[in-house]
Amino acid sequence: MTDKNAPDITAPMGPLAYFLDLHPAAGDFRADVIEGLRAPQKTISPMYFYDERGSQLFNDITELDEYYVTRTEKELFAQHGEAIVDAIHPGTSIFEYGAGSLDKIKWLIDGAADVVSYIAMDISRDHLIASATALAEATAAPVAAICADFHAPVTLPADILPAPDHYLGYFPGSTLGNMSIEAARAFLTRAAKTLGPGQQFLLGVDLEKDITVLESAYNDAKGVTAAFNLNLLRRMKRELDAEIDMDAFEHHAFYNTHEARIEMHLRAVMDTQIRIGEEVFPFAAGETIHSENSHKFSTARLEKLIEPTPWHMVNAWTDAKNWHGAYLLSNS
């Protein structure tokens with residue numbers, strides 16, 4: 001009998017040098033929601049934001065005036081791109097965690113010296129194939145793709161792509177900040193094992209800044225972020241047949257100074273309840289479901305985070321406002 005969860009590699013796959021499917025678990029929405037609502041601090045994993053409607057809302061968020069993250073990172077790479085690629089070892093293979101858009105990677109592939117290949121990893125199979133295929137058709141470097149959860153161990157296939165002199169892990173954006181400190185350290189430690197010793201890692205993080213700027217970014221005037229957060233409840237109603245009074249909940253986002261993070265919650269504005277099947281979860285007015293964290297960093301805070309991992313910081317770049325950072329790490 002064939003194990004449907006066994007690794008499945010196709011080499012080549014259209015314009016891709018290979019496609020490796022590790023069949024990452026999609027999660028059990030019902031079981032995870034019920035477990036989260038049973039907790040003293042009710043919670044729902046942010047992985048469930050991204051149904052079709054949620055993904056569209058997030059794309060809309062990135063275009064908002066208040067949401068500085070995407071455009072600030074673009075400004076950083078435009079300003080410091082030449083210095084960044086000059087600091088990367090020649091003859092490298094780039095391994096991106098969470099395959100992004102073409103403009104987030106093509107500048108790096110085209111700018112770095114003698115890039116041997118590019119390997120994209122993402123948990124969303126359709127998105128991964130589409131983005132990696134588009135890049136393969138737009139660049140001369142061989143492109144491959146791995147469908148996997150970056151919170152799980154990954155072994156890179158051998159003898160398909162040309163052997164590089166070095167690997168560069170690439171994790172732009174601010175996704176590291178969505179992880180707990182423990183999970184972020186575990187992720188970086190696994191990445192060091194995947195890439196091997198003597199390699200580099202280019203990491204993007206959102207930096208500490210004025211609280212007004214931070215809270216505005218997660219409480220936009222058009223209410224798009226609120227709709228994104230509340231879509232979790234709508235998804236529960238649609239997919240789990242949950243009984244929820246949508247008027248009883250509101251979006252609530254604030255900066256937790258002690259933890260240096262934005263927290264997103266769904267807050268009950270009155271006494272209410274959520275029913276899923278036979279399970280009933282009461283809410284007192286003011287009680288919340290914690291839906292996401294977004295940690296913000298200083299260089300010192302980031303150095304403290306990576307200290308127990310195999311990595312150390314070798315260079316850093318920020319945009320003109322010091323709002324976003326790109327950090328080059330090494331494990332040599």
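Thresholds applied
Residues numbered from 1 in each chain as written. Predicted model: local features only at pLDDT ≥ 70, side-chain atom pairs only at ≥ 80, totals over all residues. Heavy atoms only, no water. Helix = DSSP H or I, 4+ residues; strand = E, 2+ residues; numbered from the N terminus. Contact = heavy atoms within 4.5 Å. Salt bridge = Lys/Arg side-chain N within 4 Å of Asp/Glu carboxyl O. Buried < 20%, exposed > 50% of the residue type's maximum accessible area, 1.4 Å probe, protein only. Core = buried A, V, L, I, M, F, W, Y, C linked by side-chain atoms within 4.5 Å. Pairing = 2+ DSSP bridges. Axes fitted to C-alpha atoms, helices over the stretch in contact; angles between N-to-C directions.

Asker: An account of the environment of Met313 is requested, with residue identities and associated values reported.
Answerer: Following the sequence through the fold, Met313 ends up in strand S13 (residues 312–318). Spatially, the C-alpha atom of Met313 lies 49 Å from that of Asp245, the residues being 68 residues apart in sequence. When near neighbours in sequence (up to four residues on either side) are disregarded, Met313 contacts Thr299, Leu302, Glu303, Ile306, Tyr327, Leu328 and Leu329.

Asker: Can you lay out the pattern of salt bridges for me, pointing to particular residues and giving the numbers?
Answerer: Pairs can form between side chains of opposite charge once their charged atoms are near each other. Going through the model one piece at a time under the given rule, you end up with 14 salt bridges. In this structure, Glu239 and Arg238 form a salt bridge, with 3.5 Å as the shortest nitrogen-oxygen distance. The exposure class of Glu239 is partly exposed, given its relative accessible area of 40%.

Asker: An account of the nonpolar core is needed here, citing residue identities and associated values.
Answerer: Of all hydrophobic cores here, the largest spans 41 residues; its most connected members are Leu37, Leu233, Met236, Phe249, Ile274 and Ile276. Secondary-structure elements contributing two or more residues to this core are helix H1 (29–38), helix H2 (52–61), helix H7 (211–217), helix H8 (224–240), strand S8 (249–256), strand S9 (261–268), strand S10 (272–276) and strand S11 (279–283). The biggest single contributor to this core is H8, with 7 residues. Not counting residues up to four positions away in its chain, the partners in contact with Ile274 are Leu37, Leu233, Met236, Glu243, Ile244, Phe249, Glu279, Val280, Phe281, Phe283 and Ile289. The next biggest cluster of nonpolar side chains, apart from the first, holds 35 residues, and it includes Tyr97, Phe201, Met313 and Leu329.

Asker: How would you sum up the environment of Asp8? Please name residues and give values.
Answerer: In this structure, Asp8 sits in strand S1 (residues 8–10). Residue Asp8 is classed as partly exposed on the basis of its relative accessible area of 39%. Along the sequence, Asp8 and Phe19 sit 11 residues apart, while their C-alpha atoms lie 8.1 Å from each other. Dropping the residues within four chain positions of it, Asp8 is found in contact with Phe19, Leu20, Asp21 and His23.

Asker: Run through the sheet that holds S9, naming residues and quoting values.
Answerer: Within a beta sheet, neighbouring strands are joined by backbone hydrogen bonds and run either parallel or antiparallel to one another. One open sheet accounts for 3 strands, arranged S8-S9-S12; its pairing is antiparallel. Edge positions in the sheet fall to S8 and strand S12 (288–295), since each has one partner strand and no second. Going from strand to strand, the sheet's axes swing by 20° on average, the running direction of each strand aside. Two elements, S9 and S12, share 7 bridges in a ladder whose sense is antiparallel. Pairing of Ile262 across the sheet is with Ser294, part of S12.

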